Amino acid sequence: MTAQSIETAATPVAVHAHGAEITVPLTTLKASPRNARKVKHSAAAIEALAASIKAKGVLQPPVVEIERDGEGAPTGGFLVTIGEGRRQALRLLVKRKAIKRTHPVRVIVDADNDAHEISLDENITREPMHPADQFEAFKRLADEKGYGPEEIGARFGVSAHVVRQRLRLGAAAPELMAAYREGTLALDQLTAFCVSEDQDRQRQVLEQIGPHTPAYAIRRAMTEAKVRADDRRAVFVGIEAYAEAGGSVLRDLFTEDGGGWLEDVALLDRLVADKLAGLAEEVRAREGWKWAEVGSDYTEASAFGRVYPVEVARSEADAAEIAALSEEYDRLVSETDAAETLPPEVDARLEEIDRALQAFGPDFDYAPEAKSRAGVMVLLGYDGLARFERGLLRAEDAANEPPPWEEGEATGDDDDADTPSAAVAPDPDEDGGFALLSDRLIMDLTAHRTMGLRDAVQADIAVALLTVVHALALQVFYPGYGLWTPLQLRLTVTGLERLAAGVSNAPAGRRVADRLEAWGVRLPEKSEDLWAVLVPMARADLLDLMAVCAGVGLYAVRDPHDRRPGALAQAETLATAVGLDMTGTWSATAAGYFSRVSKARVLEAVTEAVGAEEAGRIAGMKKADMAEAAERLLEGRGWLPPVLRTAVDEDTDAEAAASSEEDTYPFAAE
């Protein structure tokens with residue numbers, strides 16, 4: 001029997017000399033209790049070894065010592081001193097039926113050295129390959145042998161995605177690989193450079209950055225002329241539609257979400273415009289609007305007047321059927337509320353009722369006459385969804401024209417509110433005989449009547465509330481016709497979109513718009529019908545409408561050209577009174593705040609919100625990088641700049657305030 005023969009259980013137990021290379025069955029190899037490595041090999045490491053052995057065999061024979069029994073006699077087994085990972089990989093292949101349990105394994109016998117010492121020596125003295133060498137070696141396999149990511153992955157026990165990452169890193173500019181080998185460039189920085197395969201661009205950015213530039217800043221510089229895949233335009237159009245139109249996508253192989261960038265910005269913008277225009281024409285044709293157009297932002301929509309939906313007139317039969325279906329729907333839902341799953345017959349009936357109710361159409365809709373004068377604007381929302389602003393009214397399409405006696409009336413902007421306006425006298429045939437009296441006498445008599453009206457309104461709180469709400473609603477919901485009231489209460493509604501882009505689409509802006517929309521549905525289209533609608537309205541509703549109108553008329557913008565210190569001071573008091581918390585509607589971002597303030601302010605914010613240590617880490621960054629870092633550090637922390645903070649009135653007692661409110665506002669509840 002030679003040293004190259006396979007040891008079997010049938011042969012006598014042989015004693016092999018030190019350094020002998022023999023071939024033994026896998027079943028005779030056992031783990032050595034004197035192995036210095038106590039932490040088990042990872043599953044990924046064993047997987048990689050198994051793939052390598054399956055493709056190329058065991059490249060380096062394990063080192064073994066002869067197993068002996070209690071009396072020192074050889075047992076026929078071998079303890080693996082060096083190569084335990086290879087033994088486990090072979091056992092994994094047996095488990096997968098890739099090889100037999102008796103698979104022959106070449107081993108080298110060590111009979112002289114201490115098993116524990118050489119196990120320790122083997123694990124300490126070896127130095128792993130530098131990752132850069134590995135990246136380039138993978139690239140060489142792909143270039144010279146034509147292996148694809150799947151083939152390489154199968155031969156080395158890694159996923160095809162990991163291979164693609166290493167191939168991309170192996171294709172980095174030589175200057176980057178040299179810096180990585182020297183240790184002046186970290187792995188995360190190298191991956192940021194390799195988000196793009198453009199070596200010229202990699203060299204340009206390498207020359208611009210400093211040694212401590214974070215990976216996200218490098219990635220941003222590599223993609224500054226591209227559009228992120230989560231940009232609202234990309235979300236709206238869709239990556240697939242963009243690709244079908246011939247657009248190229250730069251994928252980031254080094255992020256978990258596989259994000260990327262759209263490289264053809266002009267194509268993307270054209271696709272956005274075309275899709276919005278198509279939606280505008282579709283909604284115009286389907287709903288019957290006079291016009292439809294695409295808007296760039298909410299500022300354009302706020303420049304129009306509005307018409308609102310009105311309640312759809314129903315026949316008695318339709319109204320009765322809708323009520324019966326709704327009652328049946330609610331009853332079925334109530335009866336099955338405790339059930340985990342709805343009975344099939346109940347589920348089918350609910351769907352049937354739902355279809356029947358939908359067939360009647362909405363309860364509120366725009367009147368055909370209103371649609372014949374108004375239009376719809378389609379906008380791209382911040383979330384990548386199309387927004388439809390319906391019922392927009394151009395000035396020339398307004399249904400109401402100011403009466404002739406108001407053409408010369410003051411607009412409410414005059415400094416002297418007591419000066420009578422130079423109004424045109426009413427027609428003598430329509431004024432109840434006023435023309436028979438002199439102007440001076442008419443003024444005298446109507447002054448007395450005005451004083452009597454003041455006295456009567458002061459004595460009737462309900463009427464006073466009604467008068468104020470009427471005046472406010474005229475100016476909010478019927479712009480241009482707010483002078484149709486004797487109450488000298490002037491409310492100016494100032495658009496804020498021109499001052500802060502996106503403010504109308506922020507959470508607070510959407511809530512304000514939703515309240516206006518809800519009340520716009522309930523109010524009549526013509527301003528002269530408003531009084532008749534308000535008179536029978538519940539006082540709680542009147543208070544709610546007054547709050548909506550008062551809120552939209554507030555203006556607390558600190559404009560250097562509009563110095564109103566008294567009004568601004570009152571705005572601060574009001575913010576404290578309502579407990580205004582801006583953390584729910586505003587957050588500090590690089591674009592919205594940090595890039596617009598000095599570095600000192602950025603560091604001040606980070607210190608206050610996170611701590612001086614984090615501020616110190618970003619202190620040496622360039623302004624743009626510092627702004628990005630500050631946004632990440634403060635995300636979700638609720639930090640606000642001083643101008644957005646609300647002072648807390650510590651002396652206010654909640655119960656006393658609630659009691660005071662009940663005494664002051666007797667109509668807060670019916």
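Above this note sits the structure.
As a starting point, this report considers the structure included with it. (Residues numbered from 1 in each chain as written. Predicted model: local features only at pLDDT ≥ 70, side-chain atom pairs only at ≥ 80, totals over all residues. Heavy atoms only, no water.)

**Things to note about the sheet that holds strand 9 (residues 291-294)**
The strands that make up a sheet are held in pairs by hydrogen bonds between backbone atoms, and each pair lies either parallel or antiparallel. An order of 9-13-14-10 is seen for the 4 strands of this open sheet, with the pairing classed as mixed. The sheet is open, and its two borders are formed by strand 9 and strand 10 (305-306), each paired with just one other strand. Here strand 9 pairs with strand 13 (residues 375-380) via 4 bridges, running parallel. Note that in strand 13 the partner of Ala292 across the bridge is Val376. (Pairing = 2+ DSSP bridges. Helix = DSSP H or I, 4+ residues; strand = E, 2+ residues; numbered from the N terminus.)

**Some points on the packing of aromatic side chains**
In the structure shown here, the tally under the stated rule is 9 aromatic pairs. Ring geometry for Tyr308 against Phe477: centres 5.8 Å apart, planes inclined by 65°, an arrangement best described as edge-to-face. On the criterion of sequence distance, the pair formed by Tyr308 in the loop between strand 10 and strand 11 (310-311) and Phe477 in helix 19 (residues 461-477) is long-range, its members being 169 residues apart. Given the relative accessible area of 15%, Tyr308 is considered buried. Take Phe477: its relative accessible area is 5%, and that puts it in the buried class. Taken together, Trp586, Tyr593, Phe594 and Trp639 form an aromatic cluster joined through their ring pairs. The ring of Trp519 carries Arg522 above its face, with NZ or CZ at 4.3 Å from the centroid. (Phe/Tyr/Trp six-rings, centres within 6.5 Å; stacked < 30°, edge-to-face > 60°. Buried < 20%, exposed > 50% of the residue type's maximum accessible area, 1.4 Å probe, protein only. Lys NZ or Arg CZ within 6 Å of the ring centre and 35° of its normal.)

**Description of helix 20 (residues 507-522)**
With 16 residues, helix 20 extends 23 Å between its outermost C-alpha atoms, agreeing within 8% with the 22 Å of an ideal straight helix rising 1.5 Å per residue. Within the sequence span of helix 20, burial applies to Gly509, Leu516, Trp519, Gly520 and Val521. On its buried face, helix 20 sits against strand 11, strand 12 (364-365), helix 19 and helix 22 (539-552). (Expected span 1.5 Å × (residues − 1). Contact = heavy atoms within 4.5 Å.)

**Brief notes about the nonpolar core**
If you look at the biggest cluster of nonpolar residues, it comprises 25 residues, and the most contacted ones within it are Leu176, Leu190, Phe193, Val205 and Ile218. With near-sequence residues (within four places) excluded, Phe193 lies in contact with Leu176, Leu185, Gln202, Val205, Leu206, Ile209, Ile218 and Met222. Listed in part, the 23 residues of the second largest apolar core include Leu474, Met537, Leu545 and Val552. (Core = buried A, V, L, I, M, F, W, Y, C linked by side-chain atoms within 4.5 Å.)

**Remarks on the sheet that holds strand 8 (residues 260-262)**
Taking strand neighbours across the sheet as the criterion, the 3 strands line up as 6-8-7 in an open arrangement whose pairing is antiparallel. For this open sheet the edge positions go to strand 6 (227-228) and strand 7 (249-251), each flanked by a neighbour on one side alone. With 2 bridges joining them, strand 6 and strand 8 adopt antiparallel strand pairing. Bridge pairing links Val227 to Leu262 in strand 8.

**So, the pairing of strand 14 (residues 386-393)**
Relative to strand 14, strand 10 runs antiparallel, the two being bridged by 2 bridges. Within the sheet, the bridge partner assigned to Arg306 lies in strand 14 and is Leu392. As defined by bridge partners, strand 13 adjoins strand 14 across 6 bridges and the pair is classed as antiparallel. Paired with Leu380 across the bridge in strand 14 is Ala386. Between strand 13 and strand 14, which follow one another and run antiparallel, lie 5 residues, and Gly384 among them has a positive phi close to 85°.

**Some words on the pattern of salt bridges**
Close approach of charged atoms allows side chains of opposite charge to pair. A complete count under the given rule lists 42 salt bridges for this structure. Between Arg155 and Glu151 there is a salt bridge; the shortest N-O distance is 3.5 Å. Placement of the pair is Arg155 and Glu151 together in helix 5 (residues 149-156), with a separation of 4 residues, close to one helical turn. When its relative accessible area of 34% is taken as the criterion, Glu151 is described as partly exposed. Salt-bridge contacts for Arg203 lead to Glu175; the nearest nitrogen and oxygen are separated by 3.1 Å. Remark: Glu175 occurs in helix 7 (residues 174-182) and Arg203 occurs in helix 9 (residues 199-208); sequence separation between them is 28 residues. Judged by relative accessible area, Glu175 falls into the partly exposed class, the value being 37%. (Salt bridge = Lys/Arg side-chain N within 4 Å of Asp/Glu carboxyl O.)

**Overview of the side chain of Asp397**
As for its placement among the helices and strands, Asp397 is situated in the loop between strand 14 and helix 18 (439-459). Polar side-chain contacts of Asp397 include one of 2.7 Å to the side chain of Lys290. Residue contacts for Asp397: discarding those within four places in its chain leaves Lys290, Trp291 and Arg373. (Polar contact = N/O pair within 3.5 Å; in protein donor to acceptor, adjacent residues only side chain to side chain.)

**Considerations on the environment of Leu530**
Residue position: Leu530 is located in helix 21 (residues 530-534). Leu530 sits 60 residues away from His470 along the chain, and the two C-alpha atoms are 7.4 Å apart. For Leu530, the contacting residues outside a window of four places in its chain are His470, Ala473, Leu474, Tyr478, Leu523 and Pro524.

**What to know about the pairing of strand 13**
For strand 13, the tally of buried residues reaches 6 of 6 residues, placing the bulk of the element in the interior. A two-sided burial pattern is seen for strand 13, the buried positions comprising Gly375, Met377 and Leu379 on one face and Val376, Val378 and Leu380 on the other.

**Topic: the environment of Glu335**
With respect to the helices and strands, Glu335 occurs in helix 15 (residues 316-335). On the accessibility criterion, Glu335 (54% relative accessible area) is exposed. Sequence separation between Glu335 and Val346 is 11 residues; the distance between their C-alpha atoms is 10.0 Å.

**Let's talk about the packing of helix 15 against helix 16 (residues 344-359)**
Two elements in contact, helix 15 and helix 16, have axes separated by 10 Å at closest approach and are oriented at 150°. The angle between helix 15 and helix 16 falls in the class roughly antiparallel. For the pair helix 15 and helix 16, the crossing hand works out as left-handed. Where helix 15 abuts helix 16, its residues Ile322, Leu325, Ser326, Glu328, Tyr329, Leu332 and Val333 lie against Val346, Arg349, Leu350, Ile353, Ala356 and Leu357. Split into classes, the residues belonging to the contact of helix 15 with helix 16 amount to 10 nonpolar, 1 polar and 2 charged. (Axes fitted to C-alpha atoms, helices over the stretch in contact; angles between N-to-C directions. Parallel < 35°, antiparallel > 145°, perpendicular 65-115°, else oblique. Left-handed = near helix turned anticlockwise from the far one by under 90°. Nonpolar A, V, L, I, M, F, W, Y, C, P; charged D, E, K, R; others polar.)

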